[in-house]
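# Geometric and topological summary
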Amino acid sequence: MPSFDVVSEVEMNEVRNAVENANRELSTRFDFRGVDASFELKEEQVKLSADAEFQLQQMRDILRGALIKRGIDVKVLDPADIVRSGKRHLQDIGFKQGIAQPLAKTLVKKIKDSKIKVQTAIQGEELRITGKKRDDLQQVMALLRSSDQEQPLQFNNFRD
């Protein structure tokens, strides 16, 4: 029986490259000359540090631009609150990995409402779609691509 998985993953290698590009751009920007500001990637979070809060906002824009250039959807960003530590302003930006349970349930409901003859199963942080026909699976892919989610979806493990 044909099947595929719906997942939401971020390639951390591309994130690392985007952070390096953002640091490079930060060092060449005129408005950041003489300012102690930096991006730092730790595990699956990017730590932004600057002297002022408006600089953090500019740095977030720089990071978004670098991520877009590397082909990463900015919907995966999960910014934390800005923390003030002495003269420094810090912010951690995480990445949404996996499909959360409420989103998975809404996707299953959307697929069932479409009346396409497939079965859906929530397996941890991914969704398994199985059907008798390959065309039905492709219709489900088109349906999920056209609907607007709070995070990007990828389709993998397509088996015929």
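What this report covers is the structure whose coordinates are included nearby. The structure displayed is predicted, hence computed values, not measured ones. (Residues numbered from 1 in each chain as written. Predicted model: local features only at pLDDT ≥ 70, side-chain atom pairs only at ≥ 80, totals over all residues. Heavy atoms only, no water.)

### Quick notes on the side chain of Q55
Here Q55 lies in helix α2 (residues 53-69). By relative accessible area, which is 7% here, Q55 ends up buried. In this structure the side chain of Q55 is engaged in a polar contact, spanning 3.2 Å, whose partner is the backbone nitrogen of D51. Ignoring sequence-local partners within four residues, the contact set of Q55 consists of F32, V35 and A50. (Helix = DSSP H or I, 4+ residues; strand = E, 2+ residues; numbered from the N terminus. Buried < 20%, exposed > 50% of the residue type's maximum accessible area, 1.4 Å probe, protein only. Polar contact = N/O pair within 3.5 Å; in protein donor to acceptor, adjacent residues only side chain to side chain. Contact = heavy atoms within 4.5 Å.)

### A look at the pattern of salt bridges
In the structure shown here, the tally under the stated rule is nine salt bridges. Ionic pairing is found between D5 and R128, a salt bridge with its closest N-O pair at 2.4 Å. Of this pair, D5 sits in strand β1 (residues 3-7) while R128 sits in strand β8 (residues 126-131), and the two are 123 residues apart along the sequence. For D5, a relative accessible area of 2% gives the class buried. Given a relative accessible area of 27%, R128 falls into the partly exposed group. The closest approach of N and O atoms between D31 and R29, which form a salt bridge, is 2.7 Å. Taking the relative accessible area as the measure of exposure, R29 reaches 24% and is therefore partly exposed. Each of D36, D51 and R88 takes part in one network of salt bridges that share partners. (Salt bridge = Lys/Arg side-chain N within 4 Å of Asp/Glu carboxyl O.)

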